[in-house]
Amino acid sequence: MNHPLSPSPVPPALSMLEQLPGCWGCKDTHSVFVYANTEYCRLIGLEQPQDCIGKTDYDMPSPTTRFARQFQAQDHYVMETGKRLRVLDIHPYANGRWYAHLFTKTPWYNDKGEVCGVMFCGQELSDTAILEVGHWICHAVTHPEEAQTDHHHHQSHIHLTAREQEVLFLHLHGKKPQIIANTLSVSVKTIENHFAHLREKFEADSKAALLERALAQGFGSAIPESLLTQQLSVVLRD
């Protein structure tokens with residue numbers, strides 16, 4: 001009597017990914033999944049880690065297949081350059097809900113020091129103020145006298161339009177006007193006009209000052225609701 005083949009055992013080094021928070025996994029040089037942890041598999045619509053082995057982004061039971069080409073292009077860039085990539089991904093997933101994640105992709109090396117694929121990890125962007133954490137750490141180091149108080153961390157009363165929220169969000173994540181314009185399908189001139197309005201509202205005389213004041217007023221963790229209606233996979237700055 002023939003029995004179906006059992007899934008291949010997961011290497012101990014990879015199974016350790018189950019102990020880490022967030023979505024983790026790795027692919028080979030052809031962007032074929034070698035492993036992904038349970039959290040990622042459930043997000044993408046698979047029951048267990050073994051189910052992803054041998055599949056590509058095109059094979060997943062999730063609307064993210066629409067961006068499989070971009071995912072694989074990112075993988076290849078990481079493997080060819082040896083550099084890491086940080087990617088903002090906003091998609092509907094297998095359960096029908098929209099999620100925003102910050103994914104980091106890094107080269108995966110074998111015992112000989114050769115690139116054998118790419119590793120990725122992803123953290124959901126929800127109420128966690130990822131950008132703001134970095135901002136306040138830097139502020140505490142450079143302004144220790146203010147670190148004992150929180151009088152400068154207050155709820156913002158600045159009202160932004162939906163498009164201004166989108167432009168500011170992408171600006172906070174390091175995107176230049178040309179990329180923001182391409183992402184939002186508008187002209188660069190339109191984006192620059194939005195920046196002018198944003199600087200006026202935040203009383204900032206430059207884009208750098210705009211970034212600083214926006215983070216200080218809690219905009220680092222605000223994901224525009226309008227962005228949670230269109231799929232994005234945007235490479236961010238290091």
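Rules of the game
Residues numbered from 1 in each chain as written. Predicted model: local features only at pLDDT ≥ 70, side-chain atom pairs only at ≥ 80, totals over all residues. Heavy atoms only, no water. Helix = DSSP H or I, 4+ residues; strand = E, 2+ residues; numbered from the N terminus. Buried < 20%, exposed > 50% of the residue type's maximum accessible area, 1.4 Å probe, protein only. Contact = heavy atoms within 4.5 Å. Areas by Shrake-Rupley, 256 points an atom, 1.4 Å probe, with all protein chains shown as cover. Salt bridge = Lys/Arg side-chain N within 4 Å of Asp/Glu carboxyl O. Pairing = 2+ DSSP bridges. Axes fitted to C-alpha atoms, helices over the stretch in contact; angles between N-to-C directions. 1 Å grid on protein atoms, 1.4 Å probe; cavity = no way out; pocket = protein on both sides within 12 Å on 5 of 7 lines; lining within 4 Å. Points joined across faces, edges and corners; volume = space filled by probe spheres on them. Nonpolar A, V, L, I, M, F, W, Y, C, P; charged D, E, K, R; others polar. Parallel < 35°, antiparallel > 145°, perpendicular 65-115°, else oblique. Left-handed = near helix turned anticlockwise from the far one by under 90°. Phe/Tyr/Trp six-rings, centres within 6.5 Å; stacked < 30°, edge-to-face > 60°.

**Focus on the overall build of the protein chain**
Within the protein chain, the regular secondary structure consists of eight helices and six strands. When the elements of the protein chain are put in sequence order from the N terminus, they spell out α-β-β-α-α-β-β-β-α-α-α-α-α-β. For the protein chain, buried positions account for 44% of its 238 residues. A sequence separation of at least 24 residues applies to 54% of the contacts in the protein chain between residues at least 6 apart. Surface summary for the protein chain: the accessible area is close to 13,200 Å², and the carbon and sulfur share equals 53%.

**What to know about the pattern of salt bridges**
Within this structure, the stated rule accounts for six salt bridges. One salt bridge in this structure joins Glu164 and Lys201, with 2.7 Å as the shortest N-O distance. Of this pair, Glu164 sits in helix H5 (residues 162–172) while Lys201 sits in helix H7 (residues 188–202), and the two are 37 residues apart along the sequence. For Glu164, a relative accessible area of 4% translates into the label buried. Within this structure, Lys27, Asp57, Asp75 and Lys105 form a network of salt bridges that share partners.

**Remarks on the sheet that holds strand E5 (residues 115–124)**
Spatially, E2-E1-E5-E4-E3-E6 is the arrangement adopted by the six strands of the open sheet, whose pairing is antiparallel. Each of the sheet's edge strands pairs with one partner strand only, and the pair in question is strand E2 (33–36) and strand E6 (232–236). For this sheet the average axis-to-axis angle between neighbouring strands, irrespective of direction, equals 20 degrees. Bridge count between strand E3 (residues 85–92) and strand E4 (residues 98–109): eight bridges; the pairing is antiparallel. Within E4, the position partnered with Val87 by the bridge is Phe103.

**Focus on empty space enclosed by the protein**
Any empty space left between atoms is shown by rolling a water-sized probe over those atoms. On inspection of all chains with the given rule, the structure shows two cavities of 30 Å³ or more. Its boundaries defined by the atoms lining it, the largest cavity holds a volume of some 150 Å³. Lining the largest cavity are 14 residues, and of these Tyr40, Asp57, Phe71, Asp89 and Phe103 sit closest to its centre. Looking at the lining of the largest cavity, its residues break down into seven nonpolar, three polar and four charged.

**A few points about the packing of H5 against helix H6 (residues 177–184)**
The interhelical angle for the contact between H5 and H6, taken along N-to-C directions, is 135 degrees, at an axis separation of 10 Å. In terms of axis orientation, H5 runs oblique to H6. Crossing handedness for the pair H5 and H6: right-handed. Residue-level inspection shows Arg163, Glu166, Val167, Leu170 and His171 of H5 in contact with H6, the latter providing Ile180, Thr183 and Leu184. Here the residues of the contact of H5 with H6 sort into four nonpolar, two polar and two charged.

**Structural notes on the packing of aromatic side chains**
Inspection of every chain in the model, using the stated rule, returns seven aromatic pairs. Ring centres of Phe33 and Phe120 lie 6.0 Å apart, and the angle between their planes is 85 degrees; on these two criteria the pair is classed as edge-to-face. Linking Phe33 in strand E2 with Phe120 in strand E5, this pair joins segments that are 87 residues apart in sequence. Comparing Phe33 with Phe120 shows no difference in burial state: the two are buried. On the basis of an interplanar angle of 90 degrees and a centroid distance of 6.5 Å, the ring pair of Tyr40 and Phe103 is categorised as edge-to-face. Of the two residues, Tyr40 is situated in helix H2 (residues 38–44) and Phe103 in strand E4; the sequence distance between them amounts to 63 residues. Looking at Tyr40, the relative accessible area reads 7%, which means it is buried.

**Notes on the packing of H5 against H7**
The geometry of H5 relative to H7 is characterised by a closest axis approach of 10 Å and an angle of 90 degrees between their N-to-C directions. With respect to each other, H5 and H7 are oriented roughly perpendicular. Contacts between H5 and H7 involve Arg163, Glu164, Val167, Leu168 and His171 on the former and, on the latter, Ile191, His194, Phe195, His197, Leu198, Lys201 and Phe202. For the contact of H5 with H7, the class distribution of residues is six nonpolar, three polar and three charged.

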